[in-house]
Amino acid sequence: DVKVTQSSRYLVKRTGEKVFLECVQDMDHENMFWYRQDPGLGLRLIYFSYDVKMKEKGDIPEGYSVSREKKERFSLILESASTNQTSMYLCASSLGQGYRQPQHFGDGTRLSIL
Amino acid sequence: EDKVVQSPLSLVVHEGDTVTLNCSYEVTNFRSLLWYKQEKKAPTFLFMLTSSGIEKKSGRLSSILDKKELFSILNITATQTGDSAIYLCAVEFRDDKIIFGKGTRLHILP
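**Q** Give a description of the overall build of chain B that names residues and reports values.
**A** Regarding its fold elements, chain B presents zero helices and eleven strands. Mapped from its N terminus to its C terminus, chain B presents α and β elements in the order β-β-β-β-β-β-β-β-β-β-β. Against the 2.2 N^0.38 benchmark of 13 Å for 110 residues, chain B shows a C-alpha radius of gyration of 13 Å, consistent with a compact globule. The dimensions of chain B, computed from C-alpha atoms along their principal axes, are 45 × 25 × 20 Å. A burial count over chain B gives 46% of its 110 residues as buried. Sequence separation of 24 or more characterises 54% of the internal contacts of chain B that already satisfy a separation of 6 or more.

**Q** Describe a positive patch on the surface, and please don't skip the residues or the numbers.
**A** Residues A:Lys3, A:Arg9, A:Arg110 and B:Lys41 make up a contiguous surface patch of positive charge. With respect to the helices and strands, the residue A:Arg9 is situated in the loop between strand 1 (4-6) and strand 2 (10-13). We classify A:Arg9 as partly exposed; its relative accessible area is 31%.

**Q** Talk me through the side chain of A:Gln37; I want residue IDs and the actual numbers.
**A** On the secondary structure map, A:Gln37 appears in strand 4 (residues 31-38). Contacts of A:Gln37, omitting those with residues within four sequence positions, involve A:Gly42, A:Leu43, A:Ser87, A:Met88, A:Leu90, B:Gln38 and B:Leu88.

**Q** I'd like a rundown of the pattern of salt bridges, residues and numbers included.
**A** Residues and elements named next belong to chain A. This structure, assessed with the given rule, holds nine salt bridges over all chains. One salt bridge connects Asp 28 with Lys 71, and the closest N-O pair in it is separated by 3.2 Å. Taken together, the residues span a long stretch of sequence, with Asp 28 in the loop between strand 3 (19-25) and strand 4 and Lys 71 in the loop between strand 7 (64-70) and strand 8 (73-78) at a distance of 43 residues.

**Q** How would you explain the environment of B:Glu69 if you had to name every residue and give the values?
**A** Residues and elements named next belong to chain B. Looking at the secondary structure, you find Glu 69 in the loop between strand 7 (61-66) and strand 8 (71-76). Looking at Glu 69, the relative accessible area reads 51%, which means it is exposed. Taking C-alpha positions, Glu 69 is 9.9 Å from Glu 26, a pair spaced 43 residues apart along the chain.

So, how was this worked out
Residues numbered from 1 in each chain as written. Chains lettered and ligands numbered in written order. Predicted model: local features only at pLDDT ≥ 70, side-chain atom pairs only at ≥ 80, totals over all residues. Heavy atoms only, no water. Helix = DSSP H or I, 4+ residues; strand = E, 2+ residues; numbered from the N terminus. Rg over C-alpha atoms; globule rule 2.2 N^0.38 Å. Buried < 20%, exposed > 50% of the residue type's maximum accessible area, 1.4 Å probe, protein only. Contact = heavy atoms within 4.5 Å. Patch = residues over 30% accessible without salt bridge, like charges linked within 9 Å, V, L, I, M, F, W, Y side chains within 5 Å. Areas by Shrake-Rupley, 256 points an atom, 1.4 Å probe, with all protein chains shown as cover. Salt bridge = Lys/Arg side-chain N within 4 Å of Asp/Glu carboxyl O. Lys, Arg positive; Asp, Glu negative; His and termini not counted. Charge placed at Lys NZ, Arg CZ, Asp CG, Glu CD.

Below you can see the structure in the form of C-alpha cells.
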C-alpha cells in the first residue's frame, strides 16, 4: 500500500513565522501535490511537482513556496505565515504522468496561525 | 472556466436508505473522474472513471460516468452509519491538471 506521511497532524504557529510542512511518500511516485482544504471551498491546489527540483503553481500559490530536493519528499513553506493560512493542508502523490493512477493522500496537517 | 460541481452539498438519511451523489463538470480535454471518501483524515480513493456508461462497483457503492452530459453519479445502497463522510469528486484534464468539487457531506442516522 502507498504510504504518504505528513510530519505533523496539528501545528500552531504565530503570524510572521516561517512554517515548513513536510510530506514523504514511500512508493517512488513521480507526482506530488499540496492542497489546502477549507469549509465551503473544498480542496484547492497550492503547488505540485512532477519531478525532483521541479515545481508548478496550482490555483492558489500566493504566500507559499515548495521544495523538492528528493523524489520522496515534498515540502510546503509558508514564507511569512498569516492568519488566513489557517487551514487543513493535505499532501498527495501519484505514480506519474500518463499512468492514470489516482492520487493517494496523507492524513493532513491542521495548521493554526495565531 | 474549468469547474467541478457536486450536489447536494449535504445530505442526511436514515440507515438502510439508498443515496445518489452527483458530480458535474466542465473542463477542457477531460481525462478521468475520480471519487474519494473522506472521513476524519485522508481522502481514500473509491473509483476512477474514464469511459461513459461503464458502471464501476465495489460492494454497496457504484458509480457511472456520462461524458456526453458531463456528469457522474455515486450510488450507495443500504447505507450504514460507517458511510457517513465527505464524498469528493475530482476531474483530471489537460496536462495532468485536477480540480476537486467542494464535496458532499453525507450523514447516516442510525
